[in-house]
Amino acid sequence: MRAWNAPGVAVAIVREDRVLLLKGYGVKERGTNDRVTPRTVFAIGSTTKAFTTAAMAMLIDDGKMTWDDPVRKHIEFFRLSDPLASEQVTLRDLASHRTGLSRNDNLWYGSPWSQEEILRRIGYVQLSKPFRAAWQYQNIMFSAAGFAVGRASGGSCRTSFSGGFWIR
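Let me begin by describing the structure that accompanies this report. None of these values were measured; they are calculated from a predicted model. (Residues numbered from 1 in each chain as written. Predicted model: local features only at pLDDT ≥ 70, side-chain atom pairs only at ≥ 80, totals over all residues. Heavy atoms only, no water.)

## Some thoughts on the packing of aromatic side chains
Throughout the structure, instances matching the rule amount to three aromatic pairs. Measuring from ring centre to ring centre gives 5.6 Å for W108 and Y109, while their planes differ by 80°; the resulting arrangement is edge-to-face. W108 sits in the buried class, given a relative accessible area of 19%. Exposure remark for Y109: the relative accessible area of 64% places this residue in the exposed category. When the ring of W135 is compared with that of Y137, the centres are 6.3 Å apart and the planes differ by 55°; the resulting orientation is tilted. Relative accessible area serves as the criterion here: at 22%, Y137 is assigned to the partly exposed category. (Phe/Tyr/Trp six-rings, centres within 6.5 Å; stacked < 30°, edge-to-face > 60°. Buried < 20%, exposed > 50% of the residue type's maximum accessible area, 1.4 Å probe, protein only.)

Listed below in structure tokens is the structure:
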């Protein structure tokens, strides 16, 4: 904590399938007494996109999904505004930022909507580039990927819109 000038951290040590340590240290914010716990959510930004794709790869290895699965195989209500893109969009497209959607972060940042509602609403947003024609950084599509991970794993999944996920 001292080296990174962090007021608090949560630490999890897992060996094989056993949790060896799960503990919070310090406080959530300087000047407060609000302690960090193992359930404290930290803003770690887009580093969570790696967790999402790692979870996808694990499920692919387990035969529960493929990179080229249509998104609708895992999220039946998923739509894009372009009908062709909507039919053909795959998990690979979500993870490689090539859906044709630009960021549209105003749809999720500070919004009152649930993850599912945001994923439904993105279907009304016009694509800013042709489907699969360009790379455009996209947080909401990674949220969709995390949602698909939850569905394919047989659990439930809540994702942050920087791409991270928590499977319950």
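So that's the structure; there's more coming.
## A short note on the environment of V149
One can find V149 in helix α5 (residues 139-153). Through-space distance from the C-alpha of V149 to that of M56 is 6.2 Å; in sequence the pair is 93 residues apart. (Helix = DSSP H or I, 4+ residues; strand = E, 2+ residues; numbered from the N terminus.)

## Some details on the pairing of strand β1 (residues 8-15)
As paired elements, β1 and strand β2 (residues 18-26) share eight bridges and run antiparallel to each other. Directly across from A12, in β2, lies its bridge partner L22. The turn linking β1 back onto β2 is made up of two residues, and E16 within it adopts a positive phi angle of 55°. (Pairing = 2+ DSSP bridges.)

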